[in-house]
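Summary of the model geometry
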Amino acid sequence: WLSSYLDRQFKKAGKGACTVDDLQEEWFLQPHSDCDGCAPIYFGFYPFDLGNADDFLQNPASVKPVFNEKGPYMYRRNVVRVNPQLDGDLVTFKSYNQWSFDESMSTGAETDMLTKIDLGYLAVTTSTGGELNFIDSLLTSLMALRGQAFDASLVPNVAKMNVMKLINGINSWDPATMLASVAEL
């Protein structure tokens, strides 16, 4: 794509080959900016928000989640090319993307708060028969690794803790963090 684009630009400028000076032109350095011949690129995001988060989280067995589509949240992408070099027929450069939120094309603000469901966590807890069973299974396995038995009657008390903090500690794969999260039990 890039080589055909460059060929068109050179032909449009009446040139047969790329020069070092061409590599300093705005259309080359920032092809998606506001220059003549540049093409802006926009991405729209349409996330789903859990509209009844409090009710659902308090009563997940009896309350169905209500999802509301939000957006679009529009972002403009600008590719910036730096350090262009010409070596015979070969043009090399480094590039990076800049993203900017376009409030005029968006229906919400970039600071909108959305509630999402961690589908991986939901799948795991569902497969074990619910969050309490998941906690029981997880802690029984962890305590066995420590050579200790886990008293399943503690599960309701553990569930009142910040379960995600515990799980994130375990998932960190950092031994000190893993032990610290289990030590709080």
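Everything here concerns the structure above.
Conventions and cut-offs
Residues numbered from 1 in each chain as written. Predicted model: local features only at pLDDT ≥ 70, side-chain atom pairs only at ≥ 80, totals over all residues. Heavy atoms only, no water. Helix = DSSP H or I, 4+ residues; strand = E, 2+ residues; numbered from the N terminus. Buried < 20%, exposed > 50% of the residue type's maximum accessible area, 1.4 Å probe, protein only. Contact = heavy atoms within 4.5 Å. Phe/Tyr/Trp six-rings, centres within 6.5 Å; stacked < 30°, edge-to-face > 60°. Pairing = 2+ DSSP bridges. Axes fitted to C-alpha atoms, helices over the stretch in contact; angles between N-to-C directions. Expected span 1.5 Å × (residues − 1). Arc of directions from axis to C-beta. Core = buried A, V, L, I, M, F, W, Y, C linked by side-chain atoms within 4.5 Å.

Counting secondary structure elements, the chain contains eight helices and five strands. For the chain, the N- to C-terminal ordering of α and β elements is α-α-β-β-α-β-β-β-α-α-α-α-α. When burial is assessed residue by residue, the chain has 28% of its 185 residues classed as buried. Partitioning the intrachain contacts of the chain with sequence separation of at least 6 by distance along the chain shows that 51% fall at a separation of at least 24.

It is worth spelling out the packing of aromatic side chains at this point. The full count for this structure, using the stated rule, is four aromatic pairs. For the ring pair Phe 28 and Phe 93, a centre distance of 5.5 Å and an interplane angle of 90° mean the geometry is edge-to-face. One end of the pair, Phe 28, is in helix α2 (residues 26-29); the other, Phe 93, is in strand β5 (residues 90-101), with 65 residues separating them in the sequence. On the basis of relative accessible area, Phe 93 is assigned to the partly exposed category, the value being 27%. When the centroid spacing of 5.1 Å and the interplanar angle of 55° are considered together, the rings of Phe 43 and Trp 99 count as tilted. Of the two residues, Phe 43 is situated in strand β1 (residues 41-45) and Trp 99 in strand β5; the sequence distance between them amounts to 56 residues. Residue classification places Phe 43 among the partly exposed positions, given a relative accessible area of 33%. Put simply, the rings of Phe 45, Tyr 75 and Phe 101 touch in pairs and so form one group of aromatic residues.

Another point: the sheet that holds β5. What holds strands together in a sheet is hydrogen bonding between their backbones, with the strands either parallel or antiparallel. What the three strands build is an open sheet, ordered β1-β4-β5; its pairing is antiparallel. One side of each edge strand has no neighbouring strand; the edge strands of this open sheet are β1 and β5. Put simply, the sheet's adjacent strands are angled 30° from each other on average, direction ignored. Judged from the five bridges that link them, β1 and strand β4 (residues 73-87) form a sheet pairing that is antiparallel. Looking at the pairing, Tyr 42 lines up with Arg 76 of β4.

With an omega dihedral of 10°, the bond running from Gly 71 to Pro 72 counts as a cis peptide bond. Mapped onto the elements, Pro 72 comes out in the loop between β3 (67-69) and β4. Located in the positive-phi region is Asn 83, a residue other than glycine, with phi close to 55°. Tracing the sequence through the fold places Asn 83 in strand β4.

Helix length check: helix α5 (residues 131-145) (15 residues) gives 21 Å between terminal C-alpha atoms against 21 Å at 1.5 Å per residue, within 8%. Residues of α5 that are buried: Phe 134, Ile 135, Leu 138, Leu 139, Leu 142 and Met 143. Along the axis of α5, the buried residues cluster in a sector spanning 150°; they form a single face.

Another point: the nonpolar core. In this structure, Tyr 121, Phe 134, Ile 135, Leu 138, Leu 139, Leu 142, Met 143, Phe 150, Leu 166, Ile 167 and Ile 170 together form the largest nonpolar core, which totals eleven residues. For this core, the secondary-structure elements that each account for two or more residues are α5 and α7 (163-171). When residues of this core are assigned to their parent elements, the largest contribution, six residues, is made by α5. Among the nonpolar cores identified, the runner-up in size contains eight residues, and Tyr 5, Leu 23, Trp 27 and Cys 38 belong to it.

These figures capture arrangement, not role.
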